[in-house]
Amino acid sequence: MSQPNSQEATVIKVDHVKKKYLLYHERHDSLKDLVLSGGRRASYEVLWALNDVSYEFKKGRTYGLIGENGCGKSTLLKAIANILRPESGTVTVNGRISALLELGAGFHLDLSGRENIFLNGAILRLPREEIEARFDDMVAFSELEEFIDMPVKSYSSGMYMRLAFAIAVNVDPDILLIDEVLAVGDVAFQRRCFRRIKEYQAAGKTIIFVSHDANAVKDLCDEAILLDHGKIVASGQPMNIVSAYFELLSKKEAARRIKSGEESADHDLSAAKQKRYGFGAATIKEYSLVNAAGEPVKSIKSGDKVQVRVKIDFNDVIPNPVVGMTIHSATGLDVYGTNTSYNNTPISVKRAGDTIQAEFTWDAWLREGNYSISLGIVDLTDGTVTPADRWVDAITFDVAAGREMLGLIDLRADVAVTENG
């Protein structure tokens, strides 16, 4: 990822943009409906998908847009791509844009894959000669050689996605817009897409990336932008903004529980600390990183056996409690994470007054450097992750040098060489 530079050129300027949608509570879809309603206008409410949004996107940087469904992420991408026009404000773009916004957007269902490649190229204002020159690369990337002359209405969602991405990344755009659509492809295709995105980053392209995958945002993006109710509420380093996103979700869950009577309004929701949040049904009371002798440590050697201990008090019922830890590098990369669910160590239903201690024991085969550990207790009822208490970077520690290696984790690989002669 590129380093921030105040002198970088602005390629996209979003200036006080507003965009609204009308949410109808009833609709008059025919003259009969209108007559039966007595001529009364259908009732609706106004939803501001974007509400006075301003931001400058710099050349050669990758941006991650995060937030809840309906917060305005996709609307912002569409405004940048000039697919929709805002009520007020302006969007200024310097450079050729290629966009992956909606599955199959811009495809004509009755046309073949081949014909849709030329159609999309024309929409992007590419000369036919240029499309022909890149045609084979597009088809090869999509791996749809056998199906390229079939109507796209016969394609699966994965085939749609492969063709759309192949077109988007082979028109050599200056700016690439990517919505959550990448989640449609299979694992092998996603890896190929991410490799191409890395190539674009190395080539100095500007990328705006929408995703609910926090790790993808932290790994791919130079900056992250958090939207809520059509407004930008935070922007900056991806790790910090992802943490702010989870904190926002926890505050909303806490407010919902208070409104529904599940929580007392005067309950401490653990939101006072910048890097700690949760709805308060459990509290991390004690935690430590200890060595093999059980002594608290701040510095270890690569390969040392260590243990993370977490003591948790319960303030309310949690039907399916899960305790977890995540190790982060100094740059915020998630190095390793696990929890009691992943490890098949179930915890029974817990109620107010209960206490548990979780212990995570591991061999610290890490590269020399600075690391941190985030801790959390969540409720995983019905598969929904609801943080009760999460503490970001609760523990910090240093690792002294081990043997030379590449990467962050030493897998202790054995290397054998057989020589003839």
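Reading guide: rules and limits
- Residues numbered from 1 in each chain as written.
- Predicted model: local features only at pLDDT ≥ 70, side-chain atom pairs only at ≥ 80, totals over all residues.
- Heavy atoms only, no water.
- Pairing = 2+ DSSP bridges.
- Helix = DSSP H or I, 4+ residues; strand = E, 2+ residues; numbered from the N terminus.
- Axes fitted to C-alpha atoms, helices over the stretch in contact; angles between N-to-C directions.
- Salt bridge = Lys/Arg side-chain N within 4 Å of Asp/Glu carboxyl O.
- 1 Å grid on protein atoms, 1.4 Å probe; cavity = no way out; pocket = protein on both sides within 12 Å on 5 of 7 lines; lining within 4 Å.
- Points joined across faces, edges and corners; volume = space filled by probe spheres on them.
- Nonpolar A, V, L, I, M, F, W, Y, C, P; charged D, E, K, R; others polar.
- Parallel < 35°, antiparallel > 145°, perpendicular 65-115°, else oblique.
- Left-handed = near helix turned anticlockwise from the far one by under 90°.
- Contact = heavy atoms within 4.5 Å.
- Core = buried A, V, L, I, M, F, W, Y, C linked by side-chain atoms within 4.5 Å.
- Buried < 20%, exposed > 50% of the residue type's maximum accessible area, 1.4 Å probe, protein only.
- Expected span 1.5 Å × (residues − 1).
- Polar contact = N/O pair within 3.5 Å; in protein donor to acceptor, adjacent residues only side chain to side chain.

## Details of the sheet that holds strand E7 (residues 206-210)
Note on sheets: strands pair through backbone hydrogen bonds, and any given pair is parallel or antiparallel.
Okay, so step 1: Here six strands make up an open sheet; going across it, the order is E5-E6-E7-E3-E8-E9 and the pairing mixed. The sheet terminates laterally at strand E5 (97-100) and strand E9 (231-236), the two strands that pair on one side only. Across this sheet, the average inter-strand angle for adjacent strands is 15 degrees, counted without regard to direction.
Okay, so step 2: When strand E6 (residues 175-178) meets E7, the two strands line up parallel, connected through four bridges. Each bridged residue has a counterpart across the sheet, and for Ile175 the counterpart in E7 is Thr206.

## Concerning the environment of Thr206
Okay, so step 1: Here Thr206 lies in strand E7.
Okay, so step 2: In this structure the C-alpha to C-alpha distance between Thr206 and Asp174, which are 32 residues apart in sequence, comes to 6.4 Å.

## Examining the pattern of salt bridges
Okay, so step 1: One pass over the full model with this rule turns up 14 salt bridges.
Okay, so step 2: For the salt bridge of Lys205 with Asp172, the shortest nitrogen-to-oxygen distance reads 2.8 Å. In this pair, Lys205 sits in the loop between helix H6 (187-202) and E7 while Asp172 sits in the loop between helix H5 (157-169) and E6, placing the two residues 33 residues apart along the sequence.
Okay, so step 3: Linked by salt bridges that have partners in common, Arg96, Glu130 and Arg134 make up one network.

## Considerations on empty space enclosed by the protein
Okay, so step 1: Counting across every chain of the model gives one cavity of 30 Å³ or more.
Okay, so step 2: There is about 40 Å³ of room inside the largest cavity.
Okay, so step 3: Every residue lining the largest cavity is listed: Ile66, Ser211, His212, Asp213, Ala214, Val217, Val242, Tyr245 and Phe246.
Okay, so step 4: Going through the elements one at a time, helix H7 (214-220) and helix H8 (238-259) are the ones with two or more residues in the lining of the largest cavity.
Okay, so step 5: Among the elements that make up the lining of the largest cavity, the one with the highest residue count is H8 (three residues).
Okay, so step 6: Of the residues belonging to the lining of the largest cavity, the class tally is six nonpolar, two polar and one charged.

## A few points about the packing of helix H3 (residues 113-123) against helix H4 (residues 128-142)
Okay, so step 1: Put simply, H3 and H4 touch, their axes get as near as 10 Å, and they point 130 degrees apart. On the basis of the axis angle, H3 is oblique to H4. Here H3 and H4 pass one another in a crossing that is right-handed. Along its contact with H3, which presents Arg114, Ile117, Phe118, Gly121 and Ala122, the element H4 presents Arg128, Ile131, Glu132, Phe135, Met138 and Val139.
Okay, so step 2: Each residue belonging to the contact of H3 with H4 can be placed in one class, and the counts come to seven nonpolar, one polar and three charged.

## Concerning the environment of Val152
Okay, so step 1: Examined against the element boundaries, Val152 turns out to sit in the loop between H4 and H5.
Okay, so step 2: For Val152 and Arg114, which are 38 residues apart along the polypeptide, the C-alpha to C-alpha distance reads 9.3 Å.
Okay, so step 3: Apart from residues no more than four positions distant in its own chain, Val152 is found in contact with Phe107, His108, Leu109, Leu111, Ser112, Gly113, Asn116, Tyr160 and Leu163.

## Concerning the nonpolar core
Okay, so step 1: If you look at the biggest cluster of nonpolar residues, it comprises 45 residues, and the most contacted ones within it are Ile117, Leu163 and Phe165.
Okay, so step 2: A per-element tally of this core places H5 first, with 10 residues.
Okay, so step 3: Beyond its immediate stretch of four places on either side in the chain, Ile117 contacts Ile131, Phe135, Met138, Val139, Ile148, Leu163 and Ile167.
Okay, so step 4: Counting residues in hydrophobic clusters, the runner-up holds 35 residues, among them Val297, Val323, Leu375 and Ile395.

## Some remarks on the packing of H4 against H5
Okay, so step 1: Two elements in contact, H4 and H5, have axes whose closest approach is 8 Å; the angle formed by their N-to-C orientations is 140 degrees. Where H4 crosses over H5, the two elements pack in a sense that is right-handed. From H4, Met138, Phe141 and Ser142 reach across to H5, where they touch Arg162, Leu163, Phe165, Ala166 and Ile167.
Okay, so step 2: Split into classes, the residues belonging to the contact of H4 with H5 amount to six nonpolar, one polar and one charged.

## Details of H5
Okay, so step 1: Along its 13 residues, H5 runs 18 Å from first to last C-alpha, staying within 8% of the 18 Å computed at 1.5 Å per residue.
Okay, so step 2: Of all 13 residues making up H5, 12 are buried, and the element is well covered by its neighbours.
Okay, so step 3: Considered for burial, the residues of H5 that qualify are Gly158, Met159, Tyr160, Met161, Arg162, Leu163, Ala164, Phe165, Ala166, Ile167, Ala168 and Val169.

## As for the side chain of Asn339
Okay, so step 1: Of note, Asn339 is situated in strand E15 (residues 334-339).
Okay, so step 2: A polar contact is formed between the side chain of Asn339 and the backbone nitrogen of Ser341, at a distance of 2.9 Å.
Okay, so step 3: In this view, Asn339 contacts Val322, Val323, Gly324 and Phe360; residues no more than four positions away in its chain are not counted.

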